[in-house]
Amino acid sequence: MRKKRPLSIALVGVILAVLFSGCSMLKLQEPKAPPSVSQGTASNEKKEAKDNRTGEEAAGNRTVEGDQREAAGKEAGSEGTLENDLEARYPWLNELHPVDREEIERILRDPLFYPVEPKLPDANLPEVLWAIPPGPFDGRVPDEGELQPFLARFPIMKPYDSKPLCFDCMGALDYKSKLDDYGTLYSENALNRAAETLKRLGASAIVAEAWQTFPRPETLYVDFVKPAMPALQDDPEYGKIPYRAQVNIEVILDASGSMKETIGGKTKLALAKEAVETLVRSLPKEANVALRAFGHRPQPTKEASCRFSELLYPFGSYAADRFAAALGEIEAAGWTPLAYSIERAGEDFRPYQGEGYTNIVVIVSDGAETCGGDPLKAAEALKGSAIQPFFHIIGFDVDAEGKKQLSALAERVGGIYRDARNLAEIQAEFDRLTRWSEGWEAWRKEAMRDLGKQRMKMIERLDEMEKEWHSASDRLEIIDFKILNALRHEEKISLSIESYLREKELYPTDGIMDYWRTHYRPLLQRQIDQNFMTLEEEIERLTREQATKQRP
């Protein structure tokens, strides 16, 4: 019995080892489902792969195309998967033949068109011009090599970017579905809508690549600088006299007996008449002039001479012959009724009362009043009337008494008094009046000249803007042509995209330049002309304002 024990022990060990081994195998196999559950028949396996692809198993069996869809679906965010997003954008996808739908979805998923869909603004041409951002080649035309990256990215759209000519002709062979069952199981209209969408997307992508900057018309206009009102800065006394609508200047010339005295071989009267002639000849033609003299005709008595002051040239524009004839009647002979002459001058100015007139009295005399009148009182009365004259008094080779009275007269009425000892000094004083009288006309001319220069500057800028538009449209057309030609050569697109751009007047670019010539150019030209006319009116208004400004 002892000899058999080892065998029994060995047998028990074998049995235990088998038992433990079986238990381990059972534990390893325990999580597996029975073959009938996990795998099934071959036909069930195919059915599961087609209809119930979910979870990790579906992810493991996705194609590269499916991976792209998932990535795009993630970009779509809360809108869900790419397929759902595309169906939301393009509901007609569900009405397409499956193989056509697959091709069209491939195009719609292209990064050029998804997730951001390129769009040409649904608006008229001028709004489109500035709604599209400039492309990468703004301001220049790229060479062929620079366009290659865009051409390589552009998907094959043909034939789906064009509506089928018919659904049962030779062209049907270009479509994956061969256009079978359209009109029965699938929608012909859906295929047409797909073509409209694709040609719009393709055209939009091409335009975005080629687009140029067109200068905005409103950048052309720069406000005109209003001309400043000129001032006689070198003559503060005459600078106080306002420019008004009408200037009236009356010269009162002393022809008393003392004016027979000579200076440099000529009588003082002859020199004074020469200076007066020069003055009125140099005044603006719009100015009214008048000539009054006293003491110029012999009278039987002093009393008669003191009551004689004559208007030899009534107010009106300067006429050389008539004015020379009036001067010719003046000869030094009588007394000096200065006060009476100032009073009579008031009658001469009577038609020119009020704020619309600038009235100036110029007195040339070689002495004081000799007829017992009060010239200061007479001048003060005239100054306070509605005539409101400005007095410019020249003491020509005057004595002390005369200078005292004449300067006091000027001071009393806020006028100007100056001594003159010869012709040159008289003319120098008259030149001051000439410069002032020309001031308003000179200002007008200067303002109009400046305005004209600015108008020409604006026309030049308008011409320059037209050149910039022309250059931009030429560049756009060249780049569009290069892209369209290359894509057609590579059989990526049909002619429908070019036709779409023609409809939008974006290729060729004749439509853009036609719009410039028929709309913007005339519009800007009218604006410049209107601004010019408005500022002309402004110049006239400023002149009228100055004419009714302050009392002198």
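For the structure, check the block above.
Thresholds applied
Residues numbered from 1 in each chain as written. Predicted model: local features only at pLDDT ≥ 70, side-chain atom pairs only at ≥ 80, totals over all residues. Heavy atoms only, no water. Axes fitted to C-alpha atoms, helices over the stretch in contact; angles between N-to-C directions. Helix = DSSP H or I, 4+ residues; strand = E, 2+ residues; numbered from the N terminus. Parallel < 35°, antiparallel > 145°, perpendicular 65-115°, else oblique. Contact = heavy atoms within 4.5 Å. Nonpolar A, V, L, I, M, F, W, Y, C, P; charged D, E, K, R; others polar. Left-handed = near helix turned anticlockwise from the far one by under 90°. Pairing = 2+ DSSP bridges.

1. Describing the packing of helix H10 (residues 188-210) against helix H18 (residues 496-503)
- At their nearest, the axes of H10 and H18 sit 9 Å apart, and the two run at 70° to each other. One finds that H10 runs roughly perpendicular with respect to H18. Contacts between H10 and H18 involve Lys199, Arg200, Gly202, Ala203, Ile206 and Val207 on the former and, on the latter, Ser496, Ile497, Tyr500 and Leu501.
- Looking at the contact of H10 with H18 residue by residue, the class counts come to six nonpolar, two polar and two charged.

2. A word on the packing of helix H11 (residues 268-282) against helix H13 (residues 320-328)
- Running from amino to carboxyl end, H11 crosses H13 at an angle of 160°, the nearest separation of the two axes being 11 Å. For the element pair H11 / H13, the angle class is roughly antiparallel. The hand of the H11/H13 crossing is right-handed. Taking contact as the criterion, the partners of Lys273, Val276, Glu277 and Val280 in H11 are, on H13, Phe323, Ala324 and Leu327.
- Here the contact of H11 with H13 is built from residues that sort into five nonpolar, no polar and two charged.

3. What to know about the environment of Thr197
- Here Thr197 is to be found in helix H10.
- If we ignore the near neighbours within four places in the chain, the residues touching Thr197 are Tyr90, Trp92 and Leu108.

4. Some thoughts on the sheet that holds strand S7 (residues 390-396)
- If you walk across this open sheet you meet the six strands as S5-S4-S1-S6-S7-S8, and the pairing is mixed. Edge positions in the open sheet fall to strand S5 (309-316) and strand S8 (416-420), since each of these has one partner strand only. Averaged over all pairs of adjacent strands, the angle between their axes in this sheet comes to 15°, without regard to strand direction.
- As paired strands, strand S1 (residues 246-254) and strand S6 (residues 357-365) are joined by eight bridges and run parallel to one another. Across the sheet, Val251 pairs through a bridge with Val362, a residue of S6.
- Against the sheet, helix H16 (residues 400-412) contacts S6, S7 and S8, and its axis sits at roughly 150° relative to S8.

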